[in-house]
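# Descriptive structure summary
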Amino acid sequence: QVQLVESGGGLVQPGGSLRLSCTASGSIFANVMGWYRQAPGKQRELVATITSGGNTNYADSVKGRFTISRDNAKSTVYLQMNSLKPEDTAVYYCKAHLGVTNSYGTSWYDYWGQGTQVTVSS
């Protein structure tokens, strides 16, 4: 009943740019949103996160090149990727980290998008 849908991936030359978008169901857009990526033969790794208040964190490998942002009104999170390198090639996944509080405490749920392929190649 909830869904994250990524778009914007594709093939780009080294040094180029892409902007990824992730549109989420409103009910899972209230907490922490993040972008992860998984390259062939590699573990899925965190790329960037952003809180509902706009606080951001980035992996060292993308600092200064990638920018995460969100439009709460559109329930959309973006990843602007500049100065792309071949090592950025991966499937990029959008993740929502949602806390749900009831009388027993808070339970945390992760929701993942289907992924979008980013290929950086000459």
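Coordinates for the structure precede this section.
Residues numbered from 1 in each chain as written. Predicted model: local features only at pLDDT ≥ 70, side-chain atom pairs only at ≥ 80, totals over all residues. Heavy atoms only, no water.

### Considering the overall build of the protein chain
For clarity, the cut-off: A run of DSSP states H or I qualifies as a helix once it reaches four residues; a run of E qualifies as a strand once it reaches two. Both are numbered from the N-terminal end. To get the radius of gyration, use the C-alpha atoms; to get the globule rule, take the number of residues to the power 0.38 and multiply by 2.2 Å.
Counting secondary structure elements, the protein chain contains zero helices and eleven strands. Seen in sequence order, the protein chain has helices and strands lined up from the N terminus as β-β-β-β-β-β-β-β-β-β-β. The C-alpha radius of gyration of the protein chain comes to 14 Å, within 12% of the 14 Å expected for a compact globule of 122 residues. Projected onto the principal axes, the alpha-carbon positions of the protein chain cover approximately 55 × 30 × 25 Å.

### Things to note about the side chain of Thr 76
For the record, the criterion: We define a polar contact as two N or O atoms separated by no more than 3.5 Å, with the added condition that, inside protein, one atom must be a possible hydrogen donor and the other a possible acceptor, whereas residues neighbouring each other in sequence contribute only through side-chain atom pairs. Note on contacts: a residue pair is in contact if any heavy atoms of the two residues lie within 4.5 Å.
Mapped onto the secondary structure, Thr 76 falls in strand 8 (residues 76–81). Here the side chain of Thr 76 touches Lys 74 through a polar contact of 2.9 Å, landing on its backbone oxygen. Beyond its immediate chain neighbours, meaning those up to four positions away, Thr 76 contacts Ser 21, Cys 22, Thr 23, Phe 29, Ser 69, Arg 70 and Asp 71.

### Side note on the sheet that holds strand 7 (residues 66–71)
Note the threshold: Think of it this way: DSSP has to see at least two bridges between two strands before they count as a pair. Only C-alpha atoms enter the line fits that serve as axes; for helices the fit covers just the stretch in contact. Angles between N-to-C directions range over 0 to 180 degrees.
The sheet built from four strands is open, its strands ordered 1-3-8-7 with antiparallel pairing. With one partner strand each, in any of the chains shown, strand 1 (4–7) and strand 7 form the two edges of the open sheet. When strand polarity is set aside, the average angle formed by the axes of neighbouring strands in this sheet is 15 degrees. Alignment of strand 3 (residues 18–24) against strand 8, held across six bridges, turns out to be antiparallel.

### With respect to the pairing of strand 8
Put simply, the rule is: Think of it in three bands: residues with accessible area under 20% of the maximum for their type are buried, residues over 50% are exposed, and the middle band is partly exposed, with areas taken using a 1.4 Å probe on protein chains only.
Counting buried positions over the six residues of strand 8 gives five, a clear majority of the element. Across six bridges, the pairing between strand 7 and strand 8 is antiparallel. Among the inter-strand pairings, Ile 68 is bridged to a residue of strand 8, identified as Leu 79. Counting the residues that bridge the hairpin from strand 7 to strand 8 gives four residues, and of these Ser 75 lies at a positive phi of roughly 50 degrees.

### A few points about unusual backbone geometry
A positive phi angle is found at Ser 75, which is not glycine, with a value near 50 degrees. Within the element layout of this structure, Ser 75 appears in the loop between strand 7 and strand 8. One non-glycine residue, Ser 83, lies in the positive phi region at around 50 degrees. Structurally, Ser 83 can be placed in the loop between strand 8 and strand 9 (90–102).

### Brief notes about the side chain of Arg 70
The topology assignment puts Arg 70 in strand 7. Within the structure, Arg 70 has its side chain in polar contact with the backbone oxygen of Ile 50 (distance 3.3 Å). In terms of polar contacts, Arg 70 uses its side chain to reach the backbone carbonyl oxygen of Thr 51, at 3.1 Å.

### A word on the packing of aromatic side chains
How two aromatic rings sit relative to each other is set out by the distance from centre to centre and by the angle between their planes. Applicable threshold: The rule is short: rings of Phe, Tyr and Trp, with Trp giving its six-membered ring, pair when the centres are within 6.5 Å, and they are stacked under 30 degrees, edge-to-face over 60, tilted in between.
Under the criterion given, the structure shown has two aromatic pairs. Judged by centre distance (5.1 Å) and plane angle (65 degrees), the ring pair of Tyr 36 and Trp 112 falls under edge-to-face. Of this pair, Tyr 36 sits in strand 4 (residues 32–38) while Trp 112 sits in strand 10 (residues 105–112), placing them 76 residues apart in sequence. When its relative accessible area of 14% is taken as the criterion, Tyr 36 is described as buried. Its relative accessible area of 36% is what places Trp 112 among the partly exposed residues. Between the aromatic rings of Tyr 93 and Trp 112, the centroid separation amounts to 6.4 Å while the plane-to-plane angle is 85 degrees, which identifies the pairing as edge-to-face. You can see Tyr 93 sitting in strand 9 and its partner Trp 112 sitting in strand 10, a full 19 residues away along the chain.

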